[in-house]
Amino acid sequence: QQQVKQSPQSLIVQKGGIPIINCAYENTAFDYFPWYQQFPGKGPALLIAIRPDVSEKKEGRFTISFNKSAKQFSLHIMDSQPGDSATYFCAASEGNFKTIFGAGTRLFVKA
Amino acid sequence: DGGITQSPKYLFRKEGQNVTLSCEQNLNHDAMYWYRQDPGQGLRLIYYSQIVNDFQKGDIAEGYSVSREKKESFPLTVTSAQKNPTAFYLCASSMGTSGTPYEQYFGPGTRLTVT
């Protein structure tokens, strides 16, 4: 029940494409859903986050869509660029400070 | 510059030796975390601390130990009891109850290789 399932494992898109990464969870006590971006050899950095009381959040080219009834959320990257090539992790947190991470999606954006 | 410092970036040890990984933050955050990252896997929580002199086990605490004597510092010791210690170790911090508790800031990581 504590898992966050992330798909796909890897993704290749052309520059300008819209990669979509999906995550699903079971624990309805989760109340914060962040996405992290990680470049090779670096620590992850928070990209965007959403709470379950909203269905969509946009920050620049990054959009989270949230479906509370389906217990699913997804990351869309508009007009993707080669510099977006990285590993993306979805995550879910609840009030005890614990954050559960998905397994990650390796994105490669072709120039 | 505010941030999280982890040292060293690369660490090599012989099997059977304990090793301590350093993590320092100057963000004035209450909470600190240690994660382990293996290839193709997400981040797994080893230990976390919400406040000085207090810490809790995460999902994979066996073979690890921590201390939190100062707000700024949260060192992780990988003991010889850890069966598979070679991994990328990430330290993180968050504001805790004084702010947004869940937004975590990560350090650059330490890659530990045990042979």
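This text follows the structure it describes.
Heads up: these notes are all about the structure in this document. (Residues numbered from 1 in each chain as written. Chains lettered and ligands numbered in written order. Predicted model: local features only at pLDDT ≥ 70, side-chain atom pairs only at ≥ 80, totals over all residues. Heavy atoms only, no water.)

Some words on the environment of Pro-108 of chain B
Relative to the helices and strands, Pro-108 of chain B is located in the loop between β10 (105-106) and β11 (110-114). Along the primary structure Pro-108 of chain B and Lys-83 of chain B are separated by 25 residues, whereas in three dimensions their C-alpha atoms are 24 Å apart. Those residues in contact with Pro-108 of chain B that sit more than four places away from it in its chain are Gly-41, Lys-42 and Gly-43 of chain A together with Ile-4, Gln-6, Lys-9, Phe-88 and Leu-90 of chain B. (Helix = DSSP H or I, 4+ residues; strand = E, 2+ residues; numbered from the N terminus. Contact = heavy atoms within 4.5 Å.)

What about the interface of chain B and chain A?
Every contact between the two is made by 26 residues of chain B and, on the other side, 22 residues of chain A. Surface buried jointly by chain B and chain A totals about 1900 Å² across both partners, of which 58% is contributed by carbon and sulfur atoms. Area buried by chain B at its contact with chain A is led by Leu-43, Tyr-102 and Phe-106 of chain B, which between them contribute 33% of it. On the surface where chain B and chain A come into contact, there are 0 salt bridges. Split into classes, the residues belonging to the side of chain B that touches chain A amount to 12 nonpolar, 11 polar and 3 charged. (Buried area = accessible area lost by both parts, 1.4 Å probe. Salt bridge = Lys/Arg side-chain N within 4 Å of Asp/Glu carboxyl O. Nonpolar A, V, L, I, M, F, W, Y, C, P; charged D, E, K, R; others polar.)

Focus: the sheet that holds strand β8 (residues 72-77) of chain A
All names here are of chain A. Strand order across the open sheet formed by 5 strands is β1-β3-β8-β7-β6, with antiparallel pairing between neighbours. Only two strands of the sheet have a single partner each, and these edge strands are β1 (4-7) and β6 (56-59). Neighbour-to-neighbour, the strand axes of this sheet turn through a mean angle of 15 degrees, independent of strand direction. Across 5 bridges, the pairing between strand β3 (residues 20-25) and β8 is antiparallel. Residue pairing across strands places Ile-21 opposite Leu-75, the latter belonging to β8. (Pairing = 2+ DSSP bridges. Axes fitted to C-alpha atoms, helices over the stretch in contact; angles between N-to-C directions.)

What to know about the sheet that holds strand β3 (residues 19-25) of chain B
All names here are of chain B. Sheet architecture is open: 4 strands sit in the order β1-β3-β8-β7, paired in antiparallel fashion. Sheet topology places β1 (4-7) and β7 (64-66) at the edges, where each strand pairs with a single neighbour. For this sheet the average axis-to-axis angle between neighbouring strands, irrespective of direction, equals 20 degrees. As defined by bridge partners, β3 adjoins strand β8 (residues 76-78) across 3 bridges and the pair is classed as antiparallel. Note on β8: the bridge partner recorded for Thr-20 is Thr-77.

A closer look at the pattern of salt bridges
Under the criterion given, the structure shown has 6 salt bridges over all chains. For Arg-61 of chain A, the salt bridge goes to Asp-84 of chain A, with nearest N and O atoms at 2.8 Å. Here the residue Arg-61 of chain A occupies a position in the loop between β6 and β7 (62-67), and Asp-84 of chain A occupies one in the loop between β8 and β9 (86-93), the gap between them amounting to 23 residues. Where Lys-71 of chain B meets Asp-30 of chain B, a salt bridge forms, and the shortest distance between an N and an O atom there is 3.4 Å.

Examining the packing of aromatic side chains
All told, the structure shown has 18 aromatic pairs over all chains when counted by the stated rule. Seen from their ring centres, Tyr-33 of chain B and Tyr-35 of chain B are 6.3 Å apart, and the 25 degrees between their planes marks the pair as stacked. For the residue pair Tyr-33 of chain B and Tyr-35 of chain B, the accessibility class agrees, reading buried in each case. Pairwise contacts between aromatic rings join Tyr-25, Phe-30, Phe-33, Trp-35, Phe-66 and Phe-73 of chain A into one cluster. The ring of Phe-74 of chain B carries the charged tip of Arg-68 of chain B above its face, separated from the ring centre by 6.0 Å. (Phe/Tyr/Trp six-rings, centres within 6.5 Å; stacked < 30°, edge-to-face > 60°. Buried < 20%, exposed > 50% of the residue type's maximum accessible area, 1.4 Å probe, protein only. Lys NZ or Arg CZ within 6 Å of the ring centre and 35° of its normal.)

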